[in-house]
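A closer look at the structure
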Amino acid sequence: MELFISHIVLRVAWSATYTYILLLFAAAAFVAFVCRPKGRGEAVKRLFAGELLPVDGSHEVVSEPSISVRCLEGGKVLFERLGVDGLTSSGAVSLAVTFVGKDVEIVERVMPGYPSDIPMAGASFVIDMTGHEWRHIRWSNEDNGLWCAFTLHVRPGIHFDVTLKR
C-alpha cells in the first residue's frame, strides 16, 4: 500500500512539474511574439523635380544651405531648399524620396547650371506625406556631403527651418 501511495505522490509531483514547465514555455513564446519588432513595410521610391525659385521679394540668395519645411492641407509638405551653391536658371534640383513605414529618406541631386545665367534662390518641392502622423526624415546630398535629420509631425500650419550640416 505504501508503494502505491508513494507512486501516486510521485506521479502527481511529476505531473505538476511538467505542467509548470509547459506553462513556462507557453509564457515565453507569448512574450517573444508580443515583443518581436514590427515590420517597417515595403519601400516606395519616388522621384521629384524641383521648381526653381527666382530671386525676388519673397526669396533671396542665402549663403547657408538650409531647408524650409511647411505643412499644407491634405497631408502635403512643401520643402524649399535654399542656399544651393551656383544654382542658376539653367540648373536643376531633384529628389529621390524613399518611404519605408514612417521613415523617409531624401537624397538630393543638384545640377548647378551655367555660371553666366541668372542666379536662383533655390528650389521647391511638394511631397504628399498622406496622413497626420509623425515622420522621421533624413535629407542628404551625396555630392557635397550635406545632410540633416529631423522629425516632422505632418499637420497643417507647421513651419520651421532646418540647417544642413557637413
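Description of the structure in this document. (Residues numbered from 1 in each chain as written. Predicted model: local features only at pLDDT ≥ 70, side-chain atom pairs only at ≥ 80, totals over all residues. Heavy atoms only, no water.)

1. A short note on the pattern of salt bridges
In total, this model carries five salt bridges according to the counting rule given. The partner of Arg 135 in a salt bridge is Glu 133, with the nearest N and O atoms 3.3 Å apart. On the basis of relative accessible area, Arg 135 is assigned to the buried category, the value being 7%. Residues participating in the shared-partner salt-bridge network are Lys 102, Glu 133 and Arg 135. (Salt bridge = Lys/Arg side-chain N within 4 Å of Asp/Glu carboxyl O. Buried < 20%, exposed > 50% of the residue type's maximum accessible area, 1.4 Å probe, protein only.)

2. Observations concerning the sheet that holds strand S6 (residues 103-111)
One open sheet accounts for five strands, arranged S1-S5-S6-S8-S9; its pairing is mixed. In the strand order of this sheet, the two ends are held by strand S1 (43-49) and strand S9 (146-153), each with one partner. Shown here is a sheet whose adjacent strand axes are inclined to one another by a mean of 20 degrees, direction ignored. With nine bridges connecting them, strand S5 (residues 92-100) and S6 associate as antiparallel partners. Paired with Leu 95 across the bridge in S6 is Glu 108. (Pairing = 2+ DSSP bridges. Helix = DSSP H or I, 4+ residues; strand = E, 2+ residues; numbered from the N terminus. Axes fitted to C-alpha atoms, helices over the stretch in contact; angles between N-to-C directions.)

3. Some thoughts on a nonpolar patch on the surface
A contiguous nonpolar patch, built from Phe 30, Val 31, Phe 33 and Val 34 and spanning about 420 Å² of accessible area, is present on the exposed surface. If you trace the backbone, Val 31 turns up in helix H1 (residues 2-35). Here Val 31 falls in the partly exposed class, since its relative accessible area comes to 48%. (Patch = residues over 30% accessible without salt bridge, like charges linked within 9 Å, V, L, I, M, F, W, Y side chains within 5 Å. Areas by Shrake-Rupley, 256 points an atom, 1.4 Å probe, with all protein chains shown as cover.)

4. Observations regarding the environment of Arg 81
For Arg 81, the position within the fold is in strand S4 (residues 76-82). When its relative accessible area of 2% is taken as the criterion, Arg 81 is described as buried. Taking C-alpha positions, Arg 81 is 9.7 Å from Val 162, a pair spaced 81 residues apart along the chain. Once residues lying within four places of it in the same chain are set aside, the contact partners of Arg 81 are Pro 65, Ser 66, Ile 67, Glu 108, Ala 121, Gly 122, Ala 123, Phe 125, Trp 139, Leu 146 and Leu 164. A polar atom in the side chain of Arg 81 sits 2.7 Å from the side chain of Glu 108. (Contact = heavy atoms within 4.5 Å. Polar contact = N/O pair within 3.5 Å; in protein donor to acceptor, adjacent residues only side chain to side chain.)

5. Digging into the sheet that holds strand S3 (residues 66-71)
If you walk across this open sheet you meet the five strands as S2-S7-S4-S3-S10, and the pairing is antiparallel. Each of the sheet's edge strands pairs with one partner strand only, and the pair in question is strand S2 (51-54) and strand S10 (159-163). Ignoring which end each strand starts from, the neighbouring axes of this sheet average 25 degrees apart. Pairing of S4 with strand S7 (residues 120-128), which is carried by seven bridges, proceeds in the antiparallel orientation. Among the inter-strand pairings, Arg 81 is bridged to a residue of S7, identified as Ala 123.

6. Looking at the nonpolar core
Among the nonpolar cores identified, the biggest contains 29 residues, and Phe 79, Ile 127 and Met 129 are the most heavily contacted of them. Ignoring anything within four residues of it in the chain, the contact list for Phe 79 reads Ile 67, Ser 68, Val 69, Ile 106, Ala 123, Ser 124, Phe 125, Ile 127, Met 129, Ile 137, Trp 139 and Phe 150. (Core = buried A, V, L, I, M, F, W, Y, C linked by side-chain atoms within 4.5 Å.)

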